[in-house]
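Listed below are the residues making up each chain.
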Amino acid sequence: MNKLYITNARIVLPDKVIPRGTIITEGKRITGIRRGKSTPPALAKKIDARGNFAAPGFIDLHIHGDIEKISRQQVKGGTIGFLATLHPAKAKALLENISEALTQKAHGAKVLGIRLEGPFLNRSFCGALPRQALRPPDTSEMKAIIKRAHGALKMVILAPELKNALELIRLLKRNNIVPSIGHTGATYEEAERGIDCGITEAAHTFNRMRGFDHRSSGALEAVLMDSRIDCEVIADGIHVHPALLALLLKCKGADKVSLITDSTAAQKYPLKKRSGSIFKLKDGTLYGTALTLNKALKNIIRFLDLSMPEAVKMVTLNPARILKIDRKKGSIAVGKDADIVIFDKNFNVKMTMVEGEVKYKCAA
């Protein structure tokens, strides 16, 4: 296998930025990192980063729509992998949707698994999700879903206050599927019971969950205060105010926050209408975003004045750790997958490499 040298790069590591260096890949893996000026062999394949940042490829835990479209669209924003997130549906239709998702091909960013947003959610917090498709937790149905997914199901969003939810959470944990709290009206105590049973992740924190009340605390306080929980958040400045993003980072720290797009740009839905970086329904209900992760990364640094390594972890190492793939992905290190994104100081993506293959290169 031929070696490839990515030279003249500002390499973003989990704890620092190498101001000038070279990344060497061979096949699907990173085989070397050199600091300072480096001259590759004369006949070696080379990519000149031209002083731009070279970071691990981004991972999106929460995005909706046609998998092939997501794969092609999001790789342009530096995403190398994503969880295909499915909306709630009636039992038979949901199984069919899972089967369809398993057959769709990805030609840019890779599908890292399937995530279910429901159907076991609180109807009072459904937001833009189809209320009629929501229902109480059913372990028999969940077992059928797990069987149909053939190991591809990685995460399920649910409301822990619903009847039989705790039993469902335990079932998910036994099958190495991450239980995520979301679309929930849980009290603080109900949320903590769910966490004690195995919830370890919070879906689009602040959105569609019972929030601050100085007399009656809810799920939001639980996920902010409990160190067992990783929080994902939509950093577009619309879904969550920048002051609350700052609060989230103050409570959780940069190692426990993952940025998501919750993009619906690749999803067909005739009732949605784009408004800038978001989609809305006719009644004004938010219906996801048109974000890419490079824009989310730019926003979080602009809003909170974070360092590049702190912010990059939120779209790389943190989601990789949640999915238990951080030994292979999520950081630039020898032996890890050659998932690399090159972007400039304005976060414009110049190149995205997925497991050693350049899947996107900016023409300019």
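Up top is the structure these notes are about.
Residues numbered from 1 in each chain as written. Predicted model: local features only at pLDDT ≥ 70, side-chain atom pairs only at ≥ 80, totals over all residues. Heavy atoms only, no water.

A. Broad picture of the packing of aromatic side chains. According to the stated counting rule, one finds 4 aromatic pairs in the structure shown. Summarising the aromatic geometry, the rings of Phe53 and Phe343 are spaced 5.5 Å apart at their centres and angled 25 degrees between planes, so their arrangement reads as stacked. Of the two residues, Phe53 sits in strand β5 (residues 53–56) while Phe343 sits in strand β17 (residues 340–343), which places them 290 residues apart along the sequence. Each member of the pair, Phe53 as well as Phe343, carries the same accessibility label: buried. Between the aromatic rings of Phe58 and Phe343, the centroid separation amounts to 6.3 Å while the plane-to-plane angle is 50 degrees, which identifies the pairing as tilted. Residue Phe58 is found in strand β6 (residues 58–64), and its partner Phe343 is found in strand β17; the two are separated by 285 residues along the sequence. The buried category is assigned to Phe58, whose relative accessible area is 0%. Ring-pair connections join several aromatic residues into one group, and the members of that group are Phe53, Phe58, Phe343 and Phe347. The positively charged end of Lys272 is found above the aromatic ring belonging to Phe279, 4.4 Å away from the centroid. (Phe/Tyr/Trp six-rings, centres within 6.5 Å; stacked < 30°, edge-to-face > 60°. Helix = DSSP H or I, 4+ residues; strand = E, 2+ residues; numbered from the N terminus. Buried < 20%, exposed > 50% of the residue type's maximum accessible area, 1.4 Å probe, protein only. Lys NZ or Arg CZ within 6 Å of the ring centre and 35° of its normal.)

B. Main features of the environment of Lys298. By the element assignment, Lys298 lies in helix α8 (residues 293–304). When its relative accessible area of 38% is taken as the criterion, Lys298 is described as partly exposed. In sequence terms Lys298 and Val312 are 14 residues apart; their C-alpha atoms lie 9.8 Å from each other. The contact partners of Lys298, leaving out residues within four places of it in the chain, are Asn346 and Phe347. (Contact = heavy atoms within 4.5 Å.)

C. Geometry of the side chain of Thr289. On the secondary structure map, Thr289 appears in strand β16 (residues 286–289). For Thr289, a relative accessible area of 0% corresponds to the buried category.

D. Local environment of the sheet that holds β16. Strand order in the open sheet formed by 3 strands is β14-β15-β16, and the pairing between neighbours is antiparallel. Pairing within the sheet leaves two strands with one partner each, and these edge strands are β14 (273–275) and β16. Strand-to-strand twist in this sheet, taken as the mean axis angle between neighbours without regard to direction, amounts to 35 degrees. (Pairing = 2+ DSSP bridges. Axes fitted to C-alpha atoms, helices over the stretch in contact; angles between N-to-C directions.)

E. Molecular detail of the sheet that holds strand β10 (residues 178–181). A sheet is described by the order of its strands in space; here 8 strands give the open sequence β6-β7-β8-β9-β10-β11-β12-β13, paired in parallel fashion. Both edges of this open sheet fall to β6 and β13 (257–260), since each of them pairs with a single strand only. The pairing of β10 with strand β11 (residues 201–202) spans 2 bridges and is classified as parallel. Bridge assignment links Ile181 to a residue of β11, and that residue is Ala202. In this fold helix α4 (residues 165–174) packs onto β9 (153–158) and β10, with an angle of close to 165 degrees to the strand it touches most, β9.

F. View of the pattern of salt bridges. Counting across every chain of the model gives 17 salt bridges. Close ionic contact of Glu141 with Arg135 constitutes a salt bridge, the shortest N to O distance being 2.5 Å. Per residue, the accessibility class of Glu141 equals that of Arg135, and both read buried. Here Asp339 and Lys329 are joined by a salt bridge, their closest N and O atoms 2.8 Å apart. In this pair, Asp339 is assigned in the loop between α10 (317–322) and β17 and Lys329 in the loop between α10 and β17, connecting sequence segments 10 residues apart. Through salt bridges with shared partners, a single network forms among Arg29, Lys110, Lys329, Asp337, Asp339 and Glu355. (Salt bridge = Lys/Arg side-chain N within 4 Å of Asp/Glu carboxyl O.)

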